[in-house]
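In case you want the letters, here they are:
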Amino acid sequence: MSRYLFLIAYDIASARRRRIARRLVKGNSVGGQKSLYECWMTQAELQSAMSALRKMIDPVEDRIVVIQLDPRAAVHTRGVGVEPQDGSFFFQG
């Protein structure tokens, strides 16, 4: 079971729906800010999260973007970039 690195971002109009989306996405994230999260997920976990997100958003007002990243790519930061402090292990939940 391979995990892949995804960037999940959302722009949700309703505060209630935004809280629900944050809980769904943050459970799989290893880092992020407000509405943009880095998530290591299997394809099944991604499908489950996307299914739950599709059910709770308003397709007219809300947007969700999922981008698969190459974990071998170099990380470039601008401003005050802080490396994740997760060490060599992964938390989920």
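A brief report on the enclosed structure follows. (Residues numbered from 1 in each chain as written. Predicted model: local features only at pLDDT ≥ 70, side-chain atom pairs only at ≥ 80, totals over all residues. Heavy atoms only, no water.)

### Let's talk about the overall build of the chain
For step 1, the next point in the chain: The helix and strand inventory of the chain stands at two helices and four strands.
For step 2, the next point in the chain: Overall, the chain shows an N-to-C arrangement of helices and strands of β-α-β-β-α-β.
For step 3, the next point in the chain: Counting contacts in the chain only where the partners sit at least 6 residues apart, residues at least 24 apart contribute 75% of the total.
For step 4, the next point in the chain: When the accessible area of the chain is evaluated, it comes to approximately 6,700 Å², of which 53% is carbon and sulfur surface. (Helix = DSSP H or I, 4+ residues; strand = E, 2+ residues; numbered from the N terminus. Contact = heavy atoms within 4.5 Å. Areas by Shrake-Rupley, 256 points an atom, 1.4 Å probe, with all protein chains shown as cover.)

### With respect to the packing of aromatic side chains
Aromatic ring pairs are described here by two measures, namely the spacing of the ring centres and the angle between the planes.
For step 1, the next point in the chain: By the definition in use, this model includes one aromatic pair.
For step 2, the next point in the chain: An angle of 20° between the planes, with centres 6.3 Å apart, marks the rings of Y10 and Y37 as stacked. Here Y10 is found in strand 1 (residues 4-11), whereas its partner Y37 is found in strand 3 (residues 36-41), with 27 residues between them in sequence.
For step 3, the next point in the chain: Residue Y10 is classed as buried on the basis of its relative accessible area of 7%. (Phe/Tyr/Trp six-rings, centres within 6.5 Å; stacked < 30°, edge-to-face > 60°. Buried < 20%, exposed > 50% of the residue type's maximum accessible area, 1.4 Å probe, protein only.)

### Looking at the nonpolar core
For step 1, the next point in the chain: In terms of nonpolar packing, the biggest core is built from 15 residues, with I8, Y10, A21, V25, C39, M41 and L53 touching the most fellow members.
For step 2, the next point in the chain: The set of elements that each furnish at least two residues to this core consists of strand 1, helix 1 (15-26), strand 3 and helix 2 (43-56).
For step 3, the next point in the chain: Counting residues per element, this core draws most heavily on helix 2, at five residues.
For step 4, the next point in the chain: Those residues in contact with I8, other than ones at most four positions away along the chain, are V25, S35, L36, Y37, C39, M41, I64, V65 and V66. (Core = buried A, V, L, I, M, F, W, Y, C linked by side-chain atoms within 4.5 Å.)

### A short note on the environment of S14
For step 1, the next point in the chain: Here S14 shows up in the loop between strand 1 and helix 1.
For step 2, the next point in the chain: Judged by relative accessible area, which is 22%, S14 ranks as partly exposed.
For step 3, the next point in the chain: Along the primary structure S14 and D62 are separated by 48 residues, whereas in three dimensions their C-alpha atoms are 8.5 Å apart.
For step 4, the next point in the chain: Reaching out from S14, the side chain makes a polar contact with the backbone nitrogen of R16 at a distance of 3.3 Å.
For step 5, the next point in the chain: Of note is the side chain of S14, whose polar atom sits 3.3 Å from the backbone nitrogen of R17. (Polar contact = N/O pair within 3.5 Å; in protein donor to acceptor, adjacent residues only side chain to side chain.)

### Focus: a positive patch on the surface
For step 1, the next point in the chain: Taken together, the side chains of R16, R19, R22, R23 and K26 present a region of like positive charge at the surface.
For step 2, the next point in the chain: Relative to the helices and strands, R23 resides in helix 1.
For step 3, the next point in the chain: Assessed through its relative accessible area of 60%, R23 is described here as exposed. (Patch = residues over 30% accessible without salt bridge, like charges linked within 9 Å, V, L, I, M, F, W, Y side chains within 5 Å. Salt bridge = Lys/Arg side-chain N within 4 Å of Asp/Glu carboxyl O. Lys, Arg positive; Asp, Glu negative; His and termini not counted. Charge placed at Lys NZ, Arg CZ, Asp CG, Glu CD.)

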